[in-house]
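What follows is each chain in one-letter form.
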Amino acid sequence: MNFFNIEKTSEGKARAGVLSTDHGTIQTPIFMPVGTVASVKTVHQREIKDDIKAQIILGNTYHLYLRPGMEVMEAAGGLHKFMNWDLPILTDSGGFQVFSLSGSRKMSEEGVKFKSHIDGSYHLFTPEKSMEIQRQIGADIFMAFDECVAYPSDYNQVKLSMEMTHRWLKRCIDWNAENPELYGHKQRFFPIVQGSTYSDLRKISAEVISEAGAEGNAIGGLSVGEPEEELYRITDEVTDILPKDKPRYLMGVGTPWNILESIGLGIDMMDCVMPTRNARNGMLFTWQGVINMKNEKWKKDFSPLDEFGTSFVDHEYSKAYVRHLFVSKEYLAKQIASIHNLAFYLDLVKVAREHILAGDFYQWKNSIVPVLRQRL
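About the criteria used
- Residues numbered from 1 in each chain as written.
- Predicted model: local features only at pLDDT ≥ 70, side-chain atom pairs only at ≥ 80, totals over all residues.
- Heavy atoms only, no water.
- UniProt positions renumbered as here; feature names shortened; annotations may be inferred.
- Phe/Tyr/Trp six-rings, centres within 6.5 Å; stacked < 30°, edge-to-face > 60°.
- Helix = DSSP H or I, 4+ residues; strand = E, 2+ residues; numbered from the N terminus.
- Buried < 20%, exposed > 50% of the residue type's maximum accessible area, 1.4 Å probe, protein only.
- Lys NZ or Arg CZ within 6 Å of the ring centre and 35° of its normal.
- Pairing = 2+ DSSP bridges.
- Axes fitted to C-alpha atoms, helices over the stretch in contact; angles between N-to-C directions.
- Contact = heavy atoms within 4.5 Å.
- Salt bridge = Lys/Arg side-chain N within 4 Å of Asp/Glu carboxyl O.
- Expected span 1.5 Å × (residues − 1).
- Polar contact = N/O pair within 3.5 Å; in protein donor to acceptor, adjacent residues only side chain to side chain.

As recorded in an unreviewed UniProt entry, the protein chain goes by Queuine tRNA-ribosyltransferase and comes from Chryseobacterium piscium. Looking at the Subunit (unreviewed entry) heading of the UniProt record, one finds this comment for the protein chain: "Homodimer. Within each dimer, one monomer is responsible for RNA recognition and catalysis, while the other monomer binds to the replacement base PreQ1." Its UniProt record gives the protein chain a comment under Sequence similarities (unreviewed entry), which states: "Belongs to the queuine tRNA-ribosyltransferase family."

Dropping the structure here:
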């Protein structure tokens, strides 16, 4: 069976497909909850699977390398066994985390020297080291080591960074060719398109990444502060170039409306910390719009948290109760909101997939996006 099979392409670029991994199949388009340190914050693995209905989650190379460390990871038999998660996992390469440590890192052709945010110790991430760590973690899908530049960045700086990312890609590919998987399941490797918001650089990078012939491809360096229209423009240009028969992963995106627009531009996979991070601050995403649970207006609203929600929390708790928990700074508030938001995101991509299969995705998307954006 192929790694990726497209079941239907909509009237534009949107498509519904299936990814087949050794830990199960994934129906695309898909949203992937972020489990940075082998944990989706405040949520049990059982809830992720049974209530949120996630089909794949993310782990973070940088964080897992620092804690618990690769000695523990290998002794456990990889991340799946360590966290008791038997469905697919994707790991990022650590590139974005190192980029975000701009005050305590030093870049070179060799790699990135950085200072641990935990104990101040120094470490060196090279393309080879990133590959080695991701082998030890054992994710089903793992990413090339790249450099992500800030927005906005000078054209020449972006060009030099992109060219280094391409050189690093070759080193990643060479290391992978020489070092087999550790845990008896297949790992799929995705390189990453860079080039910031410069169309000519994105075109060059997309062509280089396409020629690498990997089993899937990712678009990085977006959702770092650029306007939404730039996110959509670059995504549209890059998906025109990336192979149509390979899955396309847009990294770090985003709001519910970002997700639907990106699906419309030919994206198959997305991830973002937004549903859990915003949940912990009391922001809920729903089919009717965005709710701030801390607002006074919910104080005596005893209706279900979300009558259209798909998780148990939506029907077992009222808006008034969840508001009370937030105002009281109870941990349960963050847990309930996180389960709700993640379940909504998974429902969002499930319904999007249904509309692609039905052939009316764009008509539906254009009608629902303004509703999703409104503040309740």
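**Topic: the packing of aromatic side chains**
Summed over all chains, the structure comprises 17 aromatic pairs. Taking the centre distance of 6.3 Å and the plane angle of 70° together, the rings of Phe125 and Phe145 count as edge-to-face. Residue Phe125 is found in strand S9 (residues 122-125), and its partner Phe145 is found in the loop between strand S10 (141-143) and helix H7 (155-178); the two are separated by 20 residues along the sequence. Taking the relative accessible area as the measure of exposure, Phe125 reaches 0% and is therefore buried. Taking relative accessible area as the criterion, Phe145 reaches 1% and is therefore assigned buried. Taken together, the ring pairs connect Phe31, Trp257, Phe285, Trp287, Phe344, Tyr345, Phe361, Tyr362 and Trp364 into an aromatic cluster. Over the aromatic face of Tyr122 sits the side chain of Lys113, whose NZ or CZ is 5.1 Å from the ring centroid.

**Some remarks on the UniProt feature "domain: tRNA-guanine(15) transglycosylase-like" (unreviewed entry) in the protein chain**
Those places that UniProt annotates as "domain: tRNA-guanine(15) transglycosylase-like" (unreviewed entry) correspond, in this numbering, to residues 13-368. Structurally, residues 13-368 comprises 44% helix and 17% strand, and the distance from its first C-alpha atom to its last is 18 Å.

**Describing the sheet that holds strand S1 (residues 4-9)**
An order of S1-S2-S3 is seen for the three strands of this open sheet, with the pairing classed as antiparallel. The outermost strands of the open sheet, each flanked by one partner alone, are S1 and strand S3 (24-28). Neighbour-to-neighbour, the strand axes of the sheet open up by a mean angle of 15°, direction not taken into account. Relative to strand S2 (residues 15-21), S1 runs antiparallel, the two sharing five bridges. Opposite Phe4, over in S2, you have Leu19 as the bridge partner. Along the sheet, helix H14 (residues 331-358) makes contact with S1, S2 and S3, crossing S2 at roughly 120°.

**A short note on the pattern of salt bridges**
For the structure shown, the criterion picks out 19 salt bridges. A salt bridge links Asp174 to Lys170, with the nearest nitrogen and oxygen atoms 2.8 Å apart. Here the residue Asp174 and the residue Lys170 both occupy positions in helix H7, the gap between them amounting to four residues, near one helical turn. The class of Asp174 is partly exposed, set by a relative accessible area of 33%. We note a salt bridge from Arg188 to Glu215, for which the minimum N-O separation is 2.5 Å. A residue pair is termed long-range when its members are at least 10 positions apart, and Arg188 in strand S11 (residues 188-190) and Glu215 in the loop between helix H8 (199-211) and strand S13 (217-219) qualify at 27 residues. A residue is classified by how much of its surface remains accessible, and Arg188, at 12% relative accessible area, is buried. Salt bridges sharing partners connect three or more residues here, namely Lys13, Asp236 and Asp240.

**Looking at H14**
One turn of the α-helix equals 3.6 residues, which is why residues spaced by three or four share an orientation. In a regular helix each residue adds 1.5 Å, so 28 residues correspond to 40 Å; H14 covers 41 Å between its end C-alpha atoms and thus fits that length. Buried residues dominate H14, accounting for 20 of its 28 residues. Phi turns positive, to about 90°, at Gly359, one or two residues after H14.

**Here we look at the UniProt feature "active site" (unreviewed entry) in the protein chain**
Per the UniProt record, the feature "active site" (unreviewed entry) sits at Asp92 and Asp271. Sequence-wise these annotated residues cover 180 residues; spatially they are packed, their C-alpha atoms never more than 10.7 Å apart. Contact partners of Asp92, with chain neighbours within four places excluded, come to Gly59, Asn60, Thr61, Gln97, Gln134 and Met143. Looking at Asp92, its side chain comes within polar contact range of the side chain of Asn60, at 2.8 Å. Considering the arrangement of structural elements, one finds Asp271 in strand S15 (residues 269-271). Setting aside residues up to four positions removed in sequence, Asp271 forms contacts with Phe31, Met32, Val34, Leu58, Tyr249, Leu250, Met251, Gly252, Val253 and Gly254. Polar contacts involving the side chain of Asp271 include one to the side chain of Tyr249, which spans 2.7 Å.

**Here's the deal with unusual backbone geometry**
Note that the residue after Thr28, namely Pro29, is joined by a cis bond; omega there is 5°. Of note, the bond from Val253 into Gly254 is cis; its omega dihedral lies within 30 degrees of zero at -15°. One can find Gly254 in the loop between strand S14 (248-250) and helix H10 (256-264).

**Some words on the sheet that holds S10**
The strand order S5-S6-S10-S11 describes an open sheet built from four strands, whose pairing is parallel. The sheet is open, and its two edges are formed by strand S5 (57-60) and S11, each paired on a single side. Between one strand and the next, the sheet's axes are offset by a mean angle of 25°, whatever the strand orientation. Both S5 and strand S6 (residues 89-92) contribute to a ladder of four bridges, which runs parallel. The residue of S6 that forms the bridge with Leu58 is Leu90. Contacting S6, S10 and S11, helix H6 (residues 127-137) crosses the sheet at an angle of about 160° to S10.

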